[in-house]
Each structure stands twice: as C-alpha cells, then as structure tokens.
Amino acid sequence: MTLLGLQWTLPMMLLLLPMLLLPWFTHNQDKTVAWSNFVPVDSLSNVIGIALKALASIVIASLILTLAGPYVPEQTIERVGSGAEVVILVDRSRSMDDPFSTRGKALAVNRTVGKGDSKRRIAKKYLMEFVDKRPDDRFGFVLFSDKALDLLPLSYNKESIRATINASALGKGLSETNIAKAMIKAAEMYGKETYRGSRTVLLVSDGGQEFSDEDKNKITELYKRENLTLYWVYMRSTTGLSIEEESDDDSWSNTPEKRLHNFFKDLGIPYKVFEIESVKSFSEAIDTIDEQESQTLIVEEIIPREIKTAPFFWFAMITMLLLVLAQIYTAWGVRKAHE
Amino acid sequence: MSENKKRQQDEFSYRYPHKVYGSLPGVHHGKSLGTGDSFAGFSDLFDYPDPRRLDLRATIRDNMATGKNNYLVKRYQQRSPITLWMMADLSRSMAISNVNHEHLANLTQLVAHSAVGLGDRFGLAGFDSGLRSDVHMMPTRQRSMPVIAADMIRDAGPATSAGVDGLIHAANMITSNHAIVFLASDFCCDIDVIDKALRQLSRYTVVPVVWKHDDVNHLPSHAGWTEMCDSETGERRSIWMRPSIKKRWKQTMDDHFEQLTACFMHHRVRPLFTDGEVTGEQLTNYFLGRN
C-alpha cells in the first residue's frame, strides 16, 4: 500500500488514524468555573488552544504512522553519470608473480608469491585505485589463465569489485595463458547488456600469445559488434625492446607480444597499449585511461529498502516535548491557584 | 439531618424596621390600635369603653382646658406579625464546591426557625431558570415547617436548565404586605436581572445573602493551558493563562462585584457576604447593623 509516497509494513495500523481526533473530544482537564462571563475573551488563547490540540493530533498521527512501519522499497534508479563500463581482464599466469624487470637485468628468478612487488600485486594496487577513482563506472572482472573465469559480471557494486580485485591477487599463479578465451568472454559479458555508454575492456597481462584464426575472426566480429574500446596494459617482463619499436630483427617482430599488438591494431576498434616497466608507468597508464574514458553514461543504481520511521519518531518527540512543556507550565499554574 | 436535630437549633433576632398594619398580634411594631405597649393617643370612654385604660390625669387636664365633661381612655398600637420569605437560588452554580445546597438548607432552617419562634410566618420560593415548584411553600406558621423547608432544598434535584431568570418569577410570588425577603444566591448573573428583581421587591426589606465562591472556582489556574466549563451552561472555553489575562480576569470579577454592591446601594439594601455556613450570630449582627 502506498501513502505519502511510502510503503507500509502494517497498513492496518492506519485504521487507527481516526484516533487523532481524540484531543478534540476529550475534556479530562476541565475546570468548572462559577461564571464563565468573567473569563476574558482572548483571540491568542483560541489560537494556542487550537494549536495545542493540533499538536496532540500530530503526535498521535505520527506515532500511528510509525507503528504502520513506513519504508521506501528497494528501487533501481537511472541517472546520468560520466564514466565507462569496464571489464578488467587480469592475467593469472605464473609470470605475473615475478617482480618488474628492469632494463639490463636478467629475468628474476625468485618467484615471489606473498611478498614484494610482484606484478600481480602492483596491478592489484593500481586497479584498486582506478576503481576507487571512478564512482560511476560499472565493472566486470575476468581472471584468466587457460580458462577465463568471469568472476564478476558487470556491476555497480564497488564493494564486490574491490573484493574481487583483492581476491585475484591471492594465491599462486597458474601455468597457462589463454588471452583469446578471456577476450571473448569479456565481449560476451557485454553482449548480454544493453548499450549504455562507453564500453571498455582493460586487459592486464604480461605476455602475448598467438591467436588461432578462428579466435581472431570471432574477436574481430564480437569487438566490432559490441563497439568496444581495448586497452592493453602490457607488463613487460623481458628486458629490451618495446612493442611499438620497429625492429628489423625477426626474432623480435615475431614474438607473440608483437603479433598480438599488431592484431589489436588491425582490429578496427579504438585500441591503446601501455607498456609497463615500473610502478610509476603503471600509475601513469591508469591515469591516462581514467582521463580518456569519461563519456556520459546512464548509470543504474540500486537503492536498498529504507525504513522511514525515524522522521516520524523525531516529529512526534519534538511535538510531544512542546506539549510536555505546556503541561508543566499548566500544572504549575493550577498548583499556584490552589495555594 | 440527625446532626441538626441533636444540635440545638441556632436562631437570630431581627426587627422589622417599619410599622406593620394587621389585625393579628405579633412582635413587630404595628400601626393598628389594640393591645400593645406603644402609646397611640387618647380616646373617649364612650368610643372605646375599656375602663381599665382610663387616664384620670389626662381627663382632668382635658376637662379643665375644654370645659367638657369627658372621660379619656389611653389607646395603644398593637404589635403585628410579618412574613419572612426565603428566595433560594437553586441554579447550577449554587451547587459547586463550597457553595452548596447544604448551606442553603441550613440557612433556610435557621430563618424559618427564627420566624416561627417569633410568631412570624415563613414562605419559601426556590428558583433557577424558572420557578421551582418542588421548592415552594406558601407563608405558614407551622412548627414543623423549618425542617420540611430545609429538606425540600436538600432533596431538590439539579436545575434542568441554565440561568436565574426564575428570580423575577419568584419575586412575583411574594405578595405579603409586610415581609423581610432573604435572597440567597451567588449573584453570578447579569446585574440587570438583580436590579429588576430588587425593583419588584422594593416594598419589602430585602436581605441579600451573597455566597462567594472559592477563588479556585473563579480563577482555576494562574498559568498555562486551561479548559473551563461554565457551571451553569456547561459551555467550554479554553484559555492560555498568563499574567495579562489573569489581570483582565480579576478586573472583570472585581467590576462585577463592585456593580453588584452599587446596585444594592441604589436600592438601599445592605448585602450579607458569606463564603460558608451562615450563623444566627451573623444574622443578628446584621440586623443590629454591627457587621
């Protein structure tokens, strides 16, 4: 049942509402006077009299309304925000447990799982920051190794995306990597949704991979159809050459990373690669994405059921306080009259 | 009632200020000639053949002066009785807290007892918004009458409607030639009504017994929210008491009683103010002009 724009838990209680007429009919505080002609005619008294009765009615009404248990039901509202829908693809391969390599250093041998600046941890830290920075974004999360796990479908819930990112940084990495599957999964996640605004896939990985033709075709088709933007945060582990660098060296241009980069470039969708070789560059990359992805977006928000008794209680209490003050003053006056 | 019987009935003494004309003997100064103690002149023995009253000294003086040969006899004014009327206000305002029918009944019994004791007659006329036929008694000299009259008031039911308009009708009921009229009321009504009644009763000696209500019944509260119920009409008024209102209220009250006193003065009537039981001593003092 709806009243005053609120839902009521016990609408039957509203049947008690006629009780608010009680103050207008009770005369339990009557004083008999010998002759009322002595009583002065006073308009202020009339006003105060009506006001006090009205206040008493208000108290009764508020308390009854409180008993009836008003609440605003859970509802979804749409609002226009600025941001994007982002599916984060995080590589869960074992190489992500390595610390960042720096130019001139050999591949780190010690695989750190729980300590230090493993790439996974850096990625987690900055992804967290990214998520926190963008309140209106809708995030999805896919963790992949040889299988893509869509841990979190697209959601506005900041708590769950944070928890998912946190959880993704736990444990050891797995051996295999299958980027194609993850990318298809990400595109499929969008496929189920209606188009709201900027759609982004954020791929975080530290290696490339050669896709099969079948996968390539599928990815091309899907990404074009879903109108996606692709960011690749490439956490470089091998020292030396950058993806963008044109090199005559065949061995470099044939590396999976390079090929993947070329494939992405040829996809025909907005695409940008960020090569990360240090913590600093990671944060720069995240900032860049943050700046670029802020289109107008229709945001859907779920507002939980809200119990609205408090304002009624407050109203009743404040009104009652006034009445109590008036009563105390009156009691004092009557006592003085009988002295 | 039993308490009243045990206790010796209080009484008061009173004198009627004017001379009474009447054939019946009584205690008040009369105008008719007869057996009495106040000298009223001489008369010829042949006109008034009562040799016991012969005044020889006056006879000789008269004969020597006039040369006649008459016998003079002394004549006296006869004492006569009067009627005491009790006009009892039985309106609703007379039945709250300190002013109640019990006091009124006791006063009635006191007046009736004193009247019968002196050989005067006593009549009762109760009124509220109209005449109260259940509280009514034509003047009588019966010995049992005081208790009956008091019980009439004690057993009287509450007034059926508001007001004291019956005062005028009750005043019309009083037809005695010579009467002292006790008008017992709280006089919380229009001065006009009282004035009109006093005008009608101007032939008689009127003794207004003014019952004053407790202050609480006039001014039940000094501050705050007060809902008032008029004792007569039951009409409800509410008021937010504060010093200014209290002042106005008291002013209205004082004005009313001042006007009432002025009205009594105008009719040459001296009121007896009381707030509880009226005693015989009080009334005696009143008639002696001592209060």
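This text goes with the structure placed above it.
Residues numbered from 1 in each chain as written. Chains lettered and ligands numbered in written order. Predicted model: local features only at pLDDT ≥ 70, side-chain atom pairs only at ≥ 80, totals over all residues.

Asks: Help me get a handle on the sheet that holds strand 6 (residues 179-185) of chain B, residues and values and all.
Replies: Residues and elements named next belong to chain B. Read from one edge of the open sheet, six strands run 5-4-3-6-7-10, paired in mixed fashion. The open sheet is flanked by strand 5 (131-140) and strand 10 (272-274), the only strands paired with a single partner. Averaged over all pairs of adjacent strands, the angle between their axes in this sheet comes to 15°, without regard to strand direction. Strand direction decides the pairing type here: strand 6 and strand 7 (residues 205-211), joined by six bridges, are parallel. In the strand pairing of strand 7, Ala184 is matched with Val209. Against the sheet, helix 4 (residues 145-154) contacts strand 3 (83-89), strand 4 (121-127) and strand 5, and its axis sits at roughly 170° relative to strand 5. (Pairing = 2+ DSSP bridges. Helix = DSSP H or I, 4+ residues; strand = E, 2+ residues; numbered from the N terminus. Axes fitted to C-alpha atoms, helices over the stretch in contact; angles between N-to-C directions. Contact = placed C-beta atoms within 7 Å.)

Asks: So, the sheet that holds strand 7 (residues 138-144) of chain A: which residues are in play, and what are the values?
Replies: Residues and elements named next belong to chain A. Pairing within the open sheet is mixed, and its six strands lie in the order 8-7-6-9-10-11. The sheet is open, and its two borders are formed by strand 8 (148-155) and strand 11 (271-276), each paired with just one other strand. Within this sheet the neighbouring strands show an average axis-to-axis angle of 15°, counted without direction. As paired elements, strand 6 (residues 85-91) and strand 7 share seven bridges and run parallel to each other. Pairing of Val86 across the sheet is with Phe139, part of strand 7. On the sheet, helix 4 (residues 158-168) packs against strand 6, strand 7 and strand 8 and is oriented at approximately 160° with respect to strand 8. Running over the sheet, helix 5 (residues 179-191) touches strand 6, strand 7, strand 8, strand 9 (199-205) and strand 10 (228-235) and is turned about 25° from strand 8.

Asks: Report on the interface of chain B and chain A, specifying residues and quantitative values.
Replies: Facing the 34 residues of chain B at the interface are 27 residues of chain A. Put simply, the parts of the chain that give the side of chain B that touches chain A at least two residues each are helix 7 (215-218), strand 8 (224-230), strand 9 (236-241) and helix 8 (243-266) of chain B. For the side of chain B that touches chain A, the leading source of residues is strand 8 of chain B, giving seven residues. Pairing between strand 3 (residues 30-33) of chain A and strand 8 of chain B: four bridges, direction parallel. What sits directly across from Asp30 of chain A, in strand 8 of chain B, is Glu227 of chain B.

Asks: Any details on unusual backbone geometry? Residues and values, ideally.
Replies: Phi is positive for Asn227 of chain A, which is not a glycine, with a value near 60°. Unusually for a residue other than glycine, Phe187 of chain B sits at a positive phi of about 55°. Structurally, the position occupied by Phe187 of chain B is in the loop between strand 6 and helix 6 (191-200). Look at Phe187 of chain B and you get buried, because 25 C-beta atoms sit within 10 Å. (Buried ≥ 20, exposed ≤ 12 C-beta atoms within 10 Å, placed from the backbone.)

Asks: Go over the pairing of strand 10 of chain A, please, and point to the residues and values.
Replies: All names here are of chain A. Among the eight residues that make up strand 10, eight are buried, leaving the element largely enclosed by the rest of the structure. Both faces of strand 10 are covered, namely the face carrying Leu228, Leu230, Trp232 and Tyr234 and the face carrying Thr229, Tyr231, Val233 and Met235. Following the chain from strand 9 across helix 6 (residues 213-226) to the adjacent parallel strand 10, one finds a crossover that is right-handed. Strand direction decides the pairing type here: strand 10 and strand 11, joined by six bridges, are parallel. Its bridge partner lying in strand 11, Tyr234 is registered against Glu275. (Right-handed = clockwise from strand over helix to strand, strands pointing away.)

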